[in-house]
Amino acid sequence: MKIRCNTHDLINGVNIVQKAVSSKTTMPILKGIMIKAASNKLTLTGNDLNIGIENHIDTEIEEEGAIVVSSKLFGEIIRKLPGDTVEIFVDDNNNVHINCNYSKFELVGQLPDEFPLLPEVDESNTISMNRELLKNMIRQTIFATATGDTRPILTGTLMKIEDGMISMVALDGYRLAIRMANIVGTDNNSAIIPAKTLSEVSKIISGIENSDDIKINISEKHIMFNFDDIKVVSRLLEGEFIKYSQMIPKEYKSKVVVNTNELLNSIERASLVAREGRNTSIKISIKDDFMNISSNVEIGSVNEDVKINLEGDDLIIGFNPKYLIDALKVIDSEEVILELSSSVSPCIIKPLDNENYIYLVSAVRIPKQ
């Protein structure tokens, strides 16, 4: 293999596929990036068997071929090269030579025979989505997925396509986030996508200026995201997702409309004190035109009011402030609606001007004041 390509393009390509390279594996080949030169394209591939990413780069090919190189070392070298054009060639002993201006590197390569190919995904039913919409849907749900040693199914986000609507749903046992949007021309389908996959897809979208739609294909065990010259293929989580619709209260006794940033800032200030105590929850007292937010712990206390518009009953309720902060940070509406029923029932939070987002958070024991 012998090629010449733009250094900047190569750096971008390596940065993208490294998101799928395994750092903890018993298979040395998975710690590498496969580099393949064919048909005037340089294809870079990373694959940890759970997520695989492929990126195509326009390049000048003198001799076609393929090799696997250490992802970590190759990436570090490419990012430090001094020129705009880099030449890479592989000799008869599978050594990879990297030349740029007066810099010359030689790395030991591995034959690509044992490098796993990306799984094939049926492309007969393609979902086409605006990139920013997908990125926003991920942003507004992914934080509610479970982490650590918990039920595996909760470490993913449900993507559900039904009757012209696409939904993304995440829950961890304490809160539930649902983001919906209209979608055109696709069959009903669903998939439970690992949070790590969605996080990497969001990062890739953020790093690309092109505004073309992203194409999504779902098979029985895999999902594929296709945009520009990038392909991301991920395993899906197996099992039945929680029947989340049954968790959402149908009625409420108190409805609060409040400025999003004022509420967020007040809760963040209260959490500074709450987190220093044994009980990290905050107390919220709703009465008339104000919401009082307070926390009283061993080393201090906080107490402040936020102006609200209340319909219904007065209420005193406790929350983990982190769960409120996480949701309020991703709501773009100037005002939010809080729907509450009792001091022990979950609270529903919605943007005032958008019916496509629902957040549910469980109440907690009110700390002693």
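Cut-offs applied
- Residues numbered from 1 in each chain as written.
- Predicted model: local features only at pLDDT ≥ 70, side-chain atom pairs only at ≥ 80, totals over all residues.
- Heavy atoms only, no water.
- Pairing = 2+ DSSP bridges.
- Helix = DSSP H or I, 4+ residues; strand = E, 2+ residues; numbered from the N terminus.
- Axes fitted to C-alpha atoms, helices over the stretch in contact; angles between N-to-C directions.
- Parallel < 35°, antiparallel > 145°, perpendicular 65-115°, else oblique.
- Left-handed = near helix turned anticlockwise from the far one by under 90°.
- Contact = heavy atoms within 4.5 Å.
- Nonpolar A, V, L, I, M, F, W, Y, C, P; charged D, E, K, R; others polar.
- Buried < 20%, exposed > 50% of the residue type's maximum accessible area, 1.4 Å probe, protein only.

Quick look at the pairing of strand 7 (residues 85–90) now. Taken together, the five bridges between strand 1 (residues 2–6) and strand 7 define a ladder with antiparallel strand orientation. The partner of Asn-6 across the bridge, within strand 7, is Thr-85. In terms of strand pairing, strand 7 meets strand 8 (residues 95–100) through four bridges, oriented antiparallel. If you follow Ile-88 over to strand 8, its bridge partner there is Ile-98. What sits between the antiparallel neighbours strand 7 and strand 8 is a turn of four residues, in which Asn-94 has the positive phi angle 65 degrees.

With that out of the way, let us pick up the packing of helix 5 (residues 260–274) against helix 6 (residues 321–330). Packed helix pairs are specified by the crossing angle of their axes together with the interaxial distance, meaning the distance between the axes. Axis separation between helix 5 and helix 6 bottoms out at 10 Å; the angle between their running directions is 150 degrees. It follows from the interaxial angle that helix 5 and helix 6 lie roughly antiparallel. As for the relative orientation of helix 5 and helix 6, their crossing is left-handed in sense. Each of Thr-260, Leu-263, Leu-264, Ile-267, Glu-268 and Ser-271 in helix 5 lies in contact with helix 6, whose residues at this interface are Pro-321, Leu-324, Ile-325, Leu-328 and Lys-329. Looking at the contact of helix 5 with helix 6 residue by residue, the class counts come to seven nonpolar, two polar and two charged.

A word on the pairing of strand 12 (residues 165–171). Side-chain direction in a regular strand flips from residue to residue, so the side chains alternate between the two faces of the sheet. Taking burial as the measure, the seven residues of strand 12 include six buried ones, the bulk of the element. Two elements, strand 11 (residues 156–162) and strand 12, share five bridges in a ladder whose sense is antiparallel. Among the inter-strand pairings, Ile-161 is bridged to a residue of strand 12, identified as Ile-166. Between strand 11 and the antiparallel strand that follows it, strand 12, lie two residues; Asp-163 among them carries a positive phi value of about 50 degrees. Connecting strand 12 to the next strand, strand 13 (residues 175–182), in antiparallel fashion are three residues, including Gly-173 with a positive phi near 100 degrees.

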